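# Chains, contacts and geometry: an overview
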Amino acid sequence: MFFVITINEYQTYPEVNLPVRTTELVDGFRHSAPYVNAHRGKTFVVMLGGEALAHPQFRGILNDVAMLHSLGIEVVLVYGARPQIDEGLKAAGIEPAYHNGIRITDDETLKIIKQVAGATQFDITARLSMCLGNTPMQNAQINLVSGNFVIAQPLGIEDGVDFCLSGKVRRIDALGLRRQLDNNGIVLMGPIAASVTGESFNLTAEEVATQVAIKLKADKIIGFSNSHGILDENGDVIAELMPDEVEEMLKTMSTDTHASVGTMAFLKASVEACRRGVPRCHLVSYLEDGALLQELFSREGIGTQIVTQSAERLRRATISDIGGILNLIRPLEEQGILVRRSREQLEMEIEQFMLVERDNLVIGCAALYPFEEDNAGEFACLVVHPDYRDADRGSLLLNNIIGQARVRGYSRLFALTTRSIHWFLEHGFNIVDVDVLPNMKKQLYNYQRRSKILALDL
């Protein structure tokens with residue numbers, strides 16, 4: 001029996017199991033490529049709490065961290081072990097003690113913490129040293145580095161409570177860290193650090209991650225939670241929060257479980273990090289395989305970002321945005337919905353365009369063309385990327401253009417459309433005749449397209 005497979009098309013026959021062509025992989029590569037380029041050479045501090053380390057997805061998370069490293073991202077991996085330490089203490093007959101959410105560390109407690117932290121570090125090192133076939137670790141050559149990059153000092157006494165050997169960060173060896181990152185290493189850091197007098201102190205992983213990120217001027221801190229991020233009252237993920245919003249939420253968050261304690265600690269650390277120069281802190285789920293990659297390499301992400309400024313902004317276009325605008329408008333031009341614009345034409349008209357930008361990607365645009373002699377302006381080339389049409393960014397662009405037209409003293413704004421007539425009517429436009437167009441625009445009107453003309457009195 002013979003089977004024929006053409007080079008242009010795969011077919012599935014009953015006798016053999018041949019692959020069916022799919023574009024999902026291609027689309028995934030294309031959508032993630034801008035983020036791969038944007039993240040290359042950046043510094044990320046990844047904080048793995050004890051809850052994430054204990055979960056079966058732990059191995060997958062480390063594989064994804066290794067993948068970040070292979071894509072040219074500089075990674076500092078900070079681990080905690082809060083639940084593991086509590087288990088170790090209970091096994092030794094020691095009741096864990098806390099004050100204001102901070103562990104009280106006496107001599108016996110520190111001995112257990114050192115054992116747990118040491119075992120955890122060895123486990124992470126062993127897993128990142130694996131180069132198994134058919135996994136993201138295949139052929140990976142990872143230089144994992146640990147060292148005395150943190151100098152600690154005691155927390156002291158608060159409200160009459162002596163924290164004993166619980167400490168805080170006194171100094172970060174940023175130059176030493178940077179040297180290891182420049183040598184293509186992943187730096188692994190734990191919750192134990194020494195003081196200038198040679199004593200060992202127990203620190204929180206959140207503080208270590210925060211201070212390291214601040215001193216390195218890192219681009220991101222990434223933490224893990226037992227949910228997809230911060231949820232609203234409907235159980236939906238809140239994609240973006242500002243530090244002030246996080247502080248308000250922390251006042252009402254529950255502290256019933258260790259998982260929520262870890263999440264709260266990360267959120268508090270994120271507020272400090274953002275206010276001291278770290279642009280973004282991400283909180284993603286350790287329960288879902290690949291959540292880290294989905295958050296970093298997809299348009300919408302999957303978790304919650306705490307940001308110093310919105311990841312999305314409205315701004316005037318520049319000459320460097322022409323490629324992004326062309327990518328946005330070309331599909332609609334090919335469908336005949338928009339009149340085709342050449343790169344040369346866009347270069348001449350670029351100052352007329354406003355953009356909605358997200359993560360350095362152009363996701364929306366619109367233009368205001370002036371007709372000064374008729375005291376009017378044209379609202380044109382309104383396009384919003386299909387993945388972002390649910391937040392009414394078109395209205396945002398329209399309101400900005402209306403504001404510009406009013407500042408210029410125009411009495412009327414008009415638009416031509418073949419598909420979006422109702423949208424314009426809903427925003428206060430009225431259908432008018434061709435005669436209402438400015439003389440110059442009237443001469444260019446294409447009667448074959450039969451575009452509807454809508455006008456808004458300003």
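Keep in mind the model is a prediction, meaning the values are calculated, not measured.

### Notes on the environment of Gly290
Locating Gly290 in the fold gives a position in the loop between β15 (280-285) and α10 (291-297). The buried category is assigned to Gly290, whose relative accessible area is 15%. Here the alpha-carbon distance between Gly290 and Gly60, two residues 230 residues apart in the chain, equals 7.3 Å.

### Quick look at the sheet that holds β15
Strand pairing in a sheet takes place through backbone hydrogen bonds and is either antiparallel or parallel in direction. Strand order in the open sheet formed by eight strands is β5-β10-β2-β1-β13-β15-β16-β14, and the pairing between neighbours is mixed. Every other strand in the sheet has two partners, leaving β5 (143-145) and β14 (240-241) as the edge strands with one partner each. Looking at chain direction, β5 and strand β10 (residues 185-189) are connected through three bridges and run parallel. Following the sheet pairing, Val145 is matched in β10 by Val187. Sheet contacts for helix α6 (residues 174-182): β1 (43-48), β2 (74-79), β5 and β10; angle to β10, the most-contacted strand, approximately 140°.

### A closer look at the pairing of β15
Summarising burial for β15: six of the six residues are buried, a large majority. Burial of the side chains of β15 extends over both faces: Arg280, His282 and Val284 are buried on one face and Cys281, Leu283 and Ser285 on the other. Of the pairings in the sheet, the one linking β15 to strand β16 (residues 304-307) comprises four bridges and is antiparallel in character. Considered in β16, the bridge of His282 is made with Gln305.

### Structural notes on the pattern of salt bridges
Scanning the entire structure with this criterion turns up 16 salt bridges. Note that Lys441 and Glu378 form a salt bridge whose closest N and O atoms lie 3.2 Å from each other. You can see Lys441 sitting in helix α15 (residues 439-444) and its partner Glu378 sitting in strand β20 (residues 376-384), a full 63 residues away along the chain. Of the two residues, Lys441 and Glu378, neither departs from the other in class, the shared state being buried. Taken together, the shared-partner salt bridges connect Arg313, Arg315, Asp321 and Glu357 into one network.

### Examining the pairing of β2
With six of its six residues buried, β2 lies for the most part within the structure. The two faces of β2 match: Glu74, Val76 and Val78 on one face and Val75, Leu77 and Tyr79 on the other face are all buried. Pairing of β1 with β2, which is carried by six bridges, proceeds in the parallel orientation. Along β2, the bridge assignment pairs Phe44 with Val75.

### Quick word on the side chain of Thr210
Tracing the chain through its elements places Thr210 in helix α7 (residues 205-216). Overall, the relative accessible area of 2% leaves Thr210 in the buried class. Here Thr210 is in contact with Ile221, Ala269, Glu272 and Ala273, once residues within four sequence places are set aside.

Criteria and thresholds
Residues numbered from 1 in each chain as written. Predicted model: local features only at pLDDT ≥ 70, side-chain atom pairs only at ≥ 80, totals over all residues. Heavy atoms only, no water. Helix = DSSP H or I, 4+ residues; strand = E, 2+ residues; numbered from the N terminus. Buried < 20%, exposed > 50% of the residue type's maximum accessible area, 1.4 Å probe, protein only. Pairing = 2+ DSSP bridges. Contact = heavy atoms within 4.5 Å. Axes fitted to C-alpha atoms, helices over the stretch in contact; angles between N-to-C directions. Salt bridge = Lys/Arg side-chain N within 4 Å of Asp/Glu carboxyl O.

On their own, these measurements won't tell you what the molecule is for.
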